[in-house]
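Chains, contacts and geometry: an overview
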Amino acid sequence: EIYRRKDLAAFRLGDNVARERVLREWAAIEDTGRWNLRILLAATDKRDEAYRIGEEMLQARRSPINAVRLRMSLAMDHLQDGQVPQAKKLIDEAEAIVRRDFPAIVLRGDSEFWKVRAEIELHQAKASMARRQGRWAEGIEQARLAVDKGKRLHKLMNLPITDSDRTYALASLIRMGV
């Protein structure tokens, strides 16, 4: 919990140097720290390290929700770097997980929050992929679906989630324009 609070404080201060230091310490002892470090590094000149961490994380067994979210995070990075085949592979894998595993997810506690978040990220990646390929109508439809899910996520902010999870989700919704 101490690392989560330190990371959130550095995020709110906009201090990415402190954030990276905290996340590296956290990553050494917990997967959540690795996940957040990967996301931070992907937004820096240390993108190769972010890809390496992400590929390592793909090898671990995860919940269907986290398996989709990790793939979408990596897919968006690949799309930004013009690596469409790698992104498509990850999106296809995520869609298969959603079709196969999401119907069986029991929605209790914070599971609905995370399921909706994963669905948003999948629609965002599919919208970005469609845009890269000039499939405008499909991209607009996927973006609309992401916004609709974003509105649903906003209504779930009262679920039992951590302050940092709430903060990052709200920041994501703001970037989406929800």
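For the structure itself, look to the data block above.
Residues numbered from 1 in each chain as written. Predicted model: local features only at pLDDT ≥ 70, side-chain atom pairs only at ≥ 80, totals over all residues. Heavy atoms only, no water.

1. Examining the overall build of the protein chain
Put simply, the test is: Secondary structure counts use DSSP, requiring at least four H or I residues in a row for a helix and at least two E residues in a row for a strand, with both numbered from the N terminus. For the radius of gyration, the atoms used are the C-alpha atoms, and the globule rule reads 2.2 Å times the number of residues raised to 0.38. Throughout, exposure labels follow a simple rule: accessible area from a 1.4 Å probe, protein chains only, divided by the maximum for the residue type, with under 20% read as buried, over 50% as exposed, and the rest as partly exposed. Residue contacts are counted whenever heavy atoms from the two residues lie within 4.5 Å of one another. Accessible surface area values rest on a Shrake-Rupley calculation with a 1.4 Å probe, where residue burial reflects the displayed protein chains alone. Note that His is not counted, nor are the chain ends; the positive residues are Lys and Arg, and the negative ones are Asp and Glu. The atoms used to mark charge sites are NZ of Lys, CZ of Arg, CG of Asp and CD of Glu.
Of the regular secondary structure elements, the protein chain holds nine helices and zero strands. For 178 residues, the compact-globule estimate of 2.2 N^0.38 gives 16 Å, and the protein chain sits close to it at 16 Å. Split into buried and exposed, the 178 residues of the protein chain put 48% on the buried side. Summarising the internal contacts of the protein chain: among those between residues at least 6 apart in sequence, 57% fall at separations of at least 24. When the accessible surface of the protein chain is summed, it comes to about 9600 Å², and 53% of that surface belongs to carbon and sulfur atoms. Each charge sign in the protein chain was given a centre, from 34 positive and 27 negative side chains, and these centres are 3 Å apart.

2. Thoughts on the nonpolar core
Short version of the rule: We call a set of buried residues a nonpolar core when its members are Ala, Val, Leu, Ile, Met, Phe, Trp, Tyr or Cys and they connect through side-chain atoms within 4.5 Å of each other.
One finds Val68, Met72, Ile91, Phe102, Phe113, Leu153 and Met157 to be the most contacted residues of the largest nonpolar core, which totals 47 residues. Mapped by element, the contributors of at least two residues to this core are helix 2 (16–27), helix 3 (31–42), helix 4 (47–58), helix 5 (64–80), helix 6 (84–101), helix 7 (111–132), helix 8 (136–155) and helix 9 (163–176). For phenylalanine 113, the residues in contact, after removing those within four places along its chain, are Leu153, Leu156, Met157, Leu159, Ile161, Asp165 and Ala169.

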